[in-house]
Amino acid sequence: MKRAKKVVICFGTFDLLHLGHLHYFRQARKHGDYLVVVIARDRTKRKQNKKTIFNELERLQMVQSLKLVDKAVLGHPRNHFKIIIKHKPEVICLGYDHAIKEKRLAKELGKYRLYPEIKRMKAYKAGKYKGGKMKKFILRGF
């Protein structure tokens, strides 16, 4: 009998792909067999007044190309929970700096009768590998 794959899902913008992102994916991967990475939509980033260097399709292509990632998808433009509902992960891995709190996320997911394990991943050299800091460094010309 074939064992079902344990689905893990994680989220992010992944604008400037760096070692911190790879560390995040490796940590998430340890919690299951099939890693789904959700890429933030350009529309969502604009609403948050955050600029990206690469557009959502470019970021999606970059993440899809990684061997660590089984599937990369764009987030839903209006309802962030639709992707979770679609993939029904057993584990959700949040980045160390993801704004949502685990208890709040669990409560929201309960409304959809989803009860995945929610884990907060650890930072990898957060002072160095942080997208916003890297963008500022690049834009000021090293």
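Let me sum up the structure you'll find in this document.

The rules we used
- Residues numbered from 1 in each chain as written.
- Predicted model: local features only at pLDDT ≥ 70, side-chain atom pairs only at ≥ 80, totals over all residues.
- Heavy atoms only, no water.
- Buried < 20%, exposed > 50% of the residue type's maximum accessible area, 1.4 Å probe, protein only.
- Helix = DSSP H or I, 4+ residues; strand = E, 2+ residues; numbered from the N terminus.
- Arc of directions from axis to C-beta.
- Contact = heavy atoms within 4.5 Å.
- Polar contact = N/O pair within 3.5 Å; in protein donor to acceptor, adjacent residues only side chain to side chain.
- Phe/Tyr/Trp six-rings, centres within 6.5 Å; stacked < 30°, edge-to-face > 60°.

A few words on helix H3 (residues 56–64). Buried within H3 are the following residues: Glu56, Arg59, Leu60 and Val63. One side of H3 carries all its buried residues, which in axial view fall inside an arc of 105°. Exposed side of H3, more than 90 degrees from the buried face: Leu57 and Gln61 are the residues found there. The elements touched by buried residues of H3 are helix H1 (19–29), strand S2 (34–39), helix H2 (42–47) and strand S3 (71–74). Measuring from the side-chain oxygen of the N-cap residue of H3 to the backbone nitrogen of Leu57 gives 2.9 Å; that N-cap residue is Asn55.

Our focus in this paragraph is the packing of aromatic side chains. Given two aromatic rings, their pairing is described by the distance between the two centres and the angle made by the two planes. The final tally for this structure, using the stated rule, is 4 aromatic pairs. A ring pair is formed by Phe14 and Phe25, whose centres lie 5.1 Å apart and whose planes are at 55°; its orientation type is tilted. Here Phe14 is found in the loop between strand S1 (7–12) and H1, whereas its partner Phe25 is found in helix H1, with 11 residues between them in sequence. The two residues Phe14 and Phe25 agree in class, both being buried. Linked through ring pairs, Phe14, Tyr24 and Phe25 together constitute an aromatic cluster.

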